[in-house]
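Survey of secondary and tertiary structure
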Amino acid sequence: MCFSYYLGLRQKSEEFKASCLPPFQVTSEGISFHDDWPYAIHLLGHLYVDDCDSARFLWKTIPSSVKESKPEVVAAWRIGQKLLTRDYAGVYEAIRGYDWSQETKDMVAAFSDVYRKRMFQLLMSAYSTITIRDLALFLGMTEDDATTYVVKNGWIVDTASQMVTVKKQAVKRGQKVDSSKLQRLAEDVFHLEH
């Protein structure tokens, strides 16, 4: 199976889910999946599009014989477990803690990249200051690499206190609503209620 298939050609998750047949649909078409289905890539695909629930469901449907015979599937699920428990640093440990096969390496690298970007966005929205140590844990980098990464994005580092000041994104102003539209909406709601 090709890497771009599982990434859904880098499209949104709904398009990805629609293009990725679950194993039971494939078997209904007469294709055996137990031995040849790339479960590790399938799990990673769900994690890539931030769909932990589907990854958990897939894990529960994987036959135990596959779980026992393919350690890469277990390693991919370990990443999912870390995500589900919000063990942010553990996600990177799970990624680095397994020697991935050649066909899975690209998917793991893509997931790692998108996960780091998600963590960066989370830090930007949740923190005003953060220690360099915690920053490195969230981004899965060394302290020096994490500091360099955020400085490139305009954050301010105070090496004396080992703190980083987060640069908040500019708030985007929403579209102004015409008062006539609000009036019509109010009339419609009033009509529905009475």
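Preceding this section is the structure that the text describes.
Before going into details, it helps to say that this report is about the structure given with it.

About the criteria used
Residues numbered from 1 in each chain as written. Predicted model: local features only at pLDDT ≥ 70, side-chain atom pairs only at ≥ 80, totals over all residues. Heavy atoms only, no water. Helix = DSSP H or I, 4+ residues; strand = E, 2+ residues; numbered from the N terminus. Buried < 20%, exposed > 50% of the residue type's maximum accessible area, 1.4 Å probe, protein only. Phe/Tyr/Trp six-rings, centres within 6.5 Å; stacked < 30°, edge-to-face > 60°. Lys NZ or Arg CZ within 6 Å of the ring centre and 35° of its normal. Axes fitted to C-alpha atoms, helices over the stretch in contact; angles between N-to-C directions. Parallel < 35°, antiparallel > 145°, perpendicular 65-115°, else oblique. Contact = heavy atoms within 4.5 Å. Nonpolar A, V, L, I, M, F, W, Y, C, P; charged D, E, K, R; others polar.

1. Focus: the side chain of Asp51
- Counting through the fold element by element, Asp51 comes out in the loop between helix 4 (39–48) and helix 5 (52–61).
- Take Asp51: its relative accessible area is 11%, and that puts it in the buried class.

2. So, the packing of aromatic side chains
- The final tally for this structure, using the stated rule, is 8 aromatic pairs.
- Among the aromatic residues, ring-to-ring pairing joins Tyr88, Tyr127 and Phe138 into one connected group.
- Taking the ring centre of Trp59 as reference, the NZ or CZ of Lys67 above it sits at 4.2 Å.

3. Regarding the packing of helix 7 (residues 71–84) against helix 8 (residues 88–96)
- Closest axis-to-axis distance for the helix 7/helix 8 pair is 8 Å, and the angle between their directions is 175°. With respect to helix 8, the element helix 7 is oriented roughly antiparallel. Contacts between helix 7 and helix 8 pair Arg78, Ile79, Lys82 and Leu83 from the former with Gly90, Val91, Ala94 and Ile95 from the latter.
- By residue class, the composition of the contact of helix 7 with helix 8 is 5 nonpolar, 1 polar and 2 charged.

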